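# Residue-level structural notes
Single-letter residue listing:
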Amino acid sequence: MANESANDGQSTISLHRNVKRALRQARTVLQPDFTNELLINNEKSYEDILGPLLLDKPIDQKRKRSAPIAIKSALNVPIGAILNLNVMPGEPYFVMWFLISSYFPLIAACLGPLANMISIIALIQHWRQDPTTEVLIPDPHSVLVMNALSLALGIIGNISLLMNFSRSVKYLITQCVSICAWFCASALLVAGVLVTHYKYMGDYKHSEGFFFACFTAGYYFACMLILLINFLGYRLDKYPATFNLDQKQRTLMVYTILFAIWSVVGAVSMHHLILGLGYGLSLYYCIVSFLTIGLGDITPKTAAAKIVVLVFLLGGVLIMGLIVATLRSVILSSAAPAIFWNDIEIARLNYIKKLKIQDRPISPENAYRKMRRIRHKIKVKHMNFSLALTVIIFLAFWLVGAMIFHFIEEWTYFNGVYFCFLCLLTIGYGDFAPKQSLGRVFFVSWATGAVPLMTILVSNVGDKLYEVFNNTSAWFSKWIFQPDREYLAKKKIKQQMKEYQEDETSTTSSFLLEQIKEDFDSSAFDEDTDNEEEFDDDDDDDEEDEDEEEEEDDDEEEEDGVEEAEKEEDEQEDDDLRQIDSDLEELNSEILDNSSSASTRMNVIRDKLFKRKDAHERLLHYLERLKPLISDGITNPNKKYTLSQWQRAYKALELQKLPDGVDADPYTGFWLGNYSPLRLPLKEPNYLILRVYYKIEETLQMIVNEEKNDLEMLELKGNALLANSLKRRVKFSTRGEDVENRVCDK
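My aim in this report is to walk through the structure given alongside it, one point at a time. These numbers were taken from a predicted model, which means no experiment stands behind them. For every chain, the first residue of its written sequence is number 1, and the numbers climb from 1 along that sequence. In view of the model being predicted, local features appear only for residues whose pLDDT reaches at least 70, and side-chain atom pairs are presented and counted only at 80 or more, with totals across whole chains, interfaces and linings using the full set of residues. Side-chain figures throughout are based on the complete set of non-hydrogen atoms in the structure, without hydrogens or water.

Okay, the sheet that holds strand β3 (residues 205-206) next. Backbone hydrogen bonds hold the strands of a sheet together, and the pairing may be parallel or antiparallel. When DSSP finds two or more bridges between two strands, those strands count as paired. Numbering of helices and strands starts at the N terminus; helices are DSSP runs of H or I of at least 4 residues and strands are runs of E of at least 2. Overall, antiparallel pairing links the three strands, which are arranged β2-β1-β3 in an open sheet. The open sheet terminates on both sides in strands that have one partner only, identified here as β2 (136-137) and β3. When strand β1 (residues 128-129) meets β2, the two strands line up antiparallel, connected through two bridges. Opposite Gln-129, over in β2, you have Leu-136 as the bridge partner.

What follows is the structure in structure tokens.
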């Protein structure tokens, strides 16, 4: 028994390990690869275009590759979404593939949860209704099974799309799952609707559940078609295997799913709290309330119903506000600037082509003015197109919706127009409200799409009108009222101020001061060492003279042979003295050489000080230029600079218009060329701030490199001086010992 229990425990542990290993392998297979090869290749393509707009001189590859990302703070367009595309602005079908890669997933993210929301109501509410008693008739078992399978497949498709948005599962897997699931869900619902209508309907009429099923089938098919087109763009190698969205846009689906869940829970709650209200009518009531229309045809009667309504209304309005705000930010910050960039590129390239055909060079001044006119024309064109599109969408929702309500509710067309207009403005007097099942179902889909979209469009038009009226008001007040004389005087003085001012501020370097001190100390040390050696030689001479006198007194009493030996020793001593004299002369010459080398080092240090001073003054000059640019970037980021301001900025910052090795094109005049900053949807103050920043970084890097070189040279010189000093001391010490030994021997 013990062996069996031990074997069972080991098998359980082995099974657990195998399961964990299988899960890790499955996670490796399912998780997407975040190394976007297409993005890396596109960065290499854009770095040659955007790099020279920020960097003047050749630098390391890492900083060059970061130029497309660094310039994003100066662009109105999301550069990440552009880099994800394999089509550049100005190339054919750029706008189409940009919209397919960015906006088609957002449309699917809005339609998918909406389809699940009404599909749940289509499942829990019967599709047939008695025309006289208004009693719902249970659905056939086969229809109920198809309805349930359709809902399950629709939820699977939405979960797969959510995983795609969150990038937790690979794009290919989630796209295939969502497309197949929504296609099958649509087919099952269509089959159930056809079977119910032609086989089981009889004398009954359709309820809200039946029409919700019809709309759900259409939404599933639309989502499948949208994702299929997006997948086709990937297969054509127009963008990588991912949705071209940023993190903020990816949260849109979370809001739509939350809104769908909140609406379904609210519909179920209202069904139980308000008597005689079916699930379809409950969902209609929640949508009317969440969109702040309030038609008044359905109202809560009990205190409990009123309390629950207040809670659900607050949550629904907040969630709808999140959806509207996210959609508006996506429309304003993504599509319009990207299309603006594309149109600028097309107009610019066409004009350059025209100049080359006519063989008509253009001056920089004319090129600048032409580029400004191109930008202005495209801006006006986009504004007119935006207003026209807003009017067309408004008329479509308004007039087409009125036409549909006219046929469904049997209103006059004028009353339908009146009702739709009030609903689009979220007024809802309540004198008209849909009564038919199809009318209420259509109102749920129509109002859910129309009211938020119209809120976005009206907000955009309001921003444009505010800008127009603000400029008009400023012009009117300037024309009517007398301007402030003090303000005009300051403005005149400011305009007359010189853009370039020499900064006489001097700077010092502690390293250079230490280097000067080290040079002086080393020279003084050499002179002191030579003097000490000279004094030691003089002392040795005195001692030798005394010894010679004593030896002469003793030698008078010795034999002639001893005198000859002494004579030889005297000659040897004279030779040693002559050698010491030559060494002293050599030392004097070395002292002179050291003094001249010290003077040379002083000149080198002086040159370095002046060079360092110039670098520091350039830094102060760049920082001085940075102040008004930062002010413009904060107060007026969309400010446009004149040609003279651009020229002064390039001159003051010592910027190159063209990179090294690129010749000027006479047909572009620089401002129409590939390296013109005006070809991009720029925030001009932010762009110049980036240019100043890179100039400051370049100057600081130069100073740091010079200081590193100086430190290395100083260390080498210090080691050489120390070695020479030790060598001299050892040399003279050895000679002194030799002389002393000979004297002692004598």
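The rest of the description comes next.
Here we take up the nonpolar core. In this structure, Phe-443 and Trp-446 are the most contacted members of the largest nonpolar core, which totals 143 residues. The element best represented in this core is helix α13 (residues 303-358), accounting for 16 residues. Here, residues are in contact when the closest pair of their heavy atoms is within 4.5 Å. Every residue in contact with Trp-446, bar those within four places of it in the chain, is listed here: Phe-397, Gly-401, Phe-405, Cys-420, Cys-423, Leu-424 and Val-451. The definition of a nonpolar core used throughout is a set of buried Ala, Val, Leu, Ile, Met, Phe, Trp, Tyr and Cys residues joined through side-chain atoms within 4.5 Å. Exposed residues in this analysis have more than 50% of their type's maximum accessible area, buried residues have under 20%, and partly exposed residues fall in between, with area computed by a 1.4 Å probe over protein chains only.

Each aromatic ring pair is specified by the distance between its two centres and by the angle formed by the two planes. The aromatic pairing rule takes the rings of Phe, Tyr and Trp, using the six-membered ring of Trp, and pairs them if the centres are within 6.5 Å, calling planes under 30 degrees apart stacked, those over 60 edge-to-face and the rest tilted. The tally for this structure, following the rule as stated, stands at 35 aromatic pairs. When the ring of Trp-127 is compared with that of Phe-210, the centres are 5.9 Å apart and the planes differ by 80°; the resulting orientation is edge-to-face. In this pair, Trp-127 sits in the loop between α6 (94-124) and β1 while Phe-210 sits in helix α9 (residues 208-235), placing the two residues 83 residues apart along the sequence. Given the relative accessible area of 1%, Trp-127 is considered buried. Ring centres 6.0 Å apart and planes at 65° place the aromatic pair Phe-259 and Phe-290 in the edge-to-face group. Of this pair, Phe-259 sits in helix α11 (residues 252-273) while Phe-290 sits in helix α12 (residues 279-290), and the two are 31 residues apart along the sequence. When its relative accessible area of 5% is taken as the criterion, Phe-259 is described as buried. Taken together, Tyr-284, Phe-405, Trp-411, Tyr-418, Phe-419, Phe-432, Phe-442, Phe-443 and Trp-446 form an aromatic cluster joined through their ring pairs.

Buriedness for pockets is judged along seven lines, at least five of which must meet protein on both sides within 12 Å for an open set on the 1 Å grid over protein atoms alone, while cavities are sets there where a 1.4 Å probe fits but cannot get out, and lining residues have an atom within 4 Å of a point. Grid points are joined across faces, edges and corners, and a volume is the space filled by probe spheres set on the points. Under the criterion given, the structure shown has three cavities of 30 Å³ or more. Forming the boundary of the largest cavity are Gly-266, Met-270, Tyr-285, Cys-286, Ser-289, Phe-290, Val-309, Phe-312 and Leu-313. Within the residue set of the lining of the largest cavity, elements represented by two or more residues are α11, α12 and α13. Tallying contributions element by element places α12 first for the lining of the largest cavity, with four residues.

Bringing the side chain of Asn-164 into the picture now. On the secondary structure map, Asn-164 appears in helix α7 (residues 141-166). Residue class for Asn-164 comes out buried when judged on its relative accessible area of 2%. Only 3.4 Å separates the side chain of Asn-164 from the side chain of Gln-175, close enough to count as a polar contact. Here a polar contact means two N or O atoms within 3.5 Å. Within protein one must be a hydrogen donor candidate and the other an acceptor candidate, and residues neighboring in sequence count only if both atoms are side-chain atoms.

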